[in-house]
Amino acid sequence: DPVDAIVGERLRNRRQSLGLSQRTLGETLGVTFQQIQKYERGMNRMAGATLVRAAAALDAPLSFFLDGIGPQRQDPERQSLNGRDER
């Protein structure tokens, strides 16, 4: 899945920029370094809770991993959850 690959690449880039090993990040998240490798390669999808913990461990906002992925809206506050204009 392209989303998993993008999130994984961002995870790897942030981890490396902080000088952390896959093992160290894995221990912090409670997973093996092999699992970190799979996340970084986009082979496995990170659960939402794991992604939140990774963002905290890497001192990055959750948006760092998700910005630009999925549908984009110009003015998200104008639409309700059902997609209708609220104004």
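First, a word on scope: everything that follows refers to the structure included in this document. (Residues numbered from 1 in each chain as written. Predicted model: local features only at pLDDT ≥ 70, side-chain atom pairs only at ≥ 80, totals over all residues. Heavy atoms only, no water.)

**Quick look at the overall build of the chain**
- Scanning the chain from N- to C-terminus turns up five helices and zero strands.
- Reading the secondary structure of the chain in the N-to-C direction produces α-α-α-α-α.
- Looking at the chain as shown, the accessible area adds up to about 5900 Å², and 48% of this sits on carbon and sulfur atoms. (Helix = DSSP H or I, 4+ residues; strand = E, 2+ residues; numbered from the N terminus. Areas by Shrake-Rupley, 256 points an atom, 1.4 Å probe, with all protein chains shown as cover.)

**Brief notes about the nonpolar core**
- Grouped together as the largest cluster of nonpolar side chains are 14 residues, with contacts concentrated most on Val7, Leu11, Leu25, Met46 and Phe65.
- Broken down by secondary-structure element, the contributors of at least two residues to this core are α1 (2-17), α2 (22-29), α3 (33-41) and α4 (48-57).
- Here this core gets three residues from one element, more than from any other, and that element is α4.
- Residues in contact with Val7, not counting those within four places in the same chain, are Met46, Leu51, Phe65, Leu66 and Ile69. (Core = buried A, V, L, I, M, F, W, Y, C linked by side-chain atoms within 4.5 Å. Buried < 20%, exposed > 50% of the residue type's maximum accessible area, 1.4 Å probe, protein only. Contact = heavy atoms within 4.5 Å.)

**What about the environment of Ala54?**
- Note on placement: Ala54 falls in helix α4.
- The exposure class of Ala54 is buried, given its relative accessible area of 0%.
- In this structure the C-alpha to C-alpha distance between Ala54 and Leu11, which are 43 residues apart in sequence, comes to 8.0 Å.
- Discounting residues that sit within four places of it in the chain, Ala54 has contacts with Leu11, Leu29 and Met46.

**Focus: the packing of α2 against α4**
- Running from N to C, α2 and α4 cross one another at 120°; their axes reach a closest spacing of 10 Å. By the angle class used here, α2 and α4 are oblique. As for how α2 packs across α4, the hand of that crossing is right-handed. Along its contact with α2, which presents Leu25, Thr28 and Leu29, the element α4 presents Thr50, Arg53, Ala54 and Ala57.
- Taken together, the residues of the contact of α2 with α4 sort by class into four nonpolar, two polar and one charged. (Axes fitted to C-alpha atoms, helices over the stretch in contact; angles between N-to-C directions. Parallel < 35°, antiparallel > 145°, perpendicular 65-115°, else oblique. Left-handed = near helix turned anticlockwise from the far one by under 90°. Nonpolar A, V, L, I, M, F, W, Y, C, P; charged D, E, K, R; others polar.)

These figures come from the coordinates and say nothing about function on their own.
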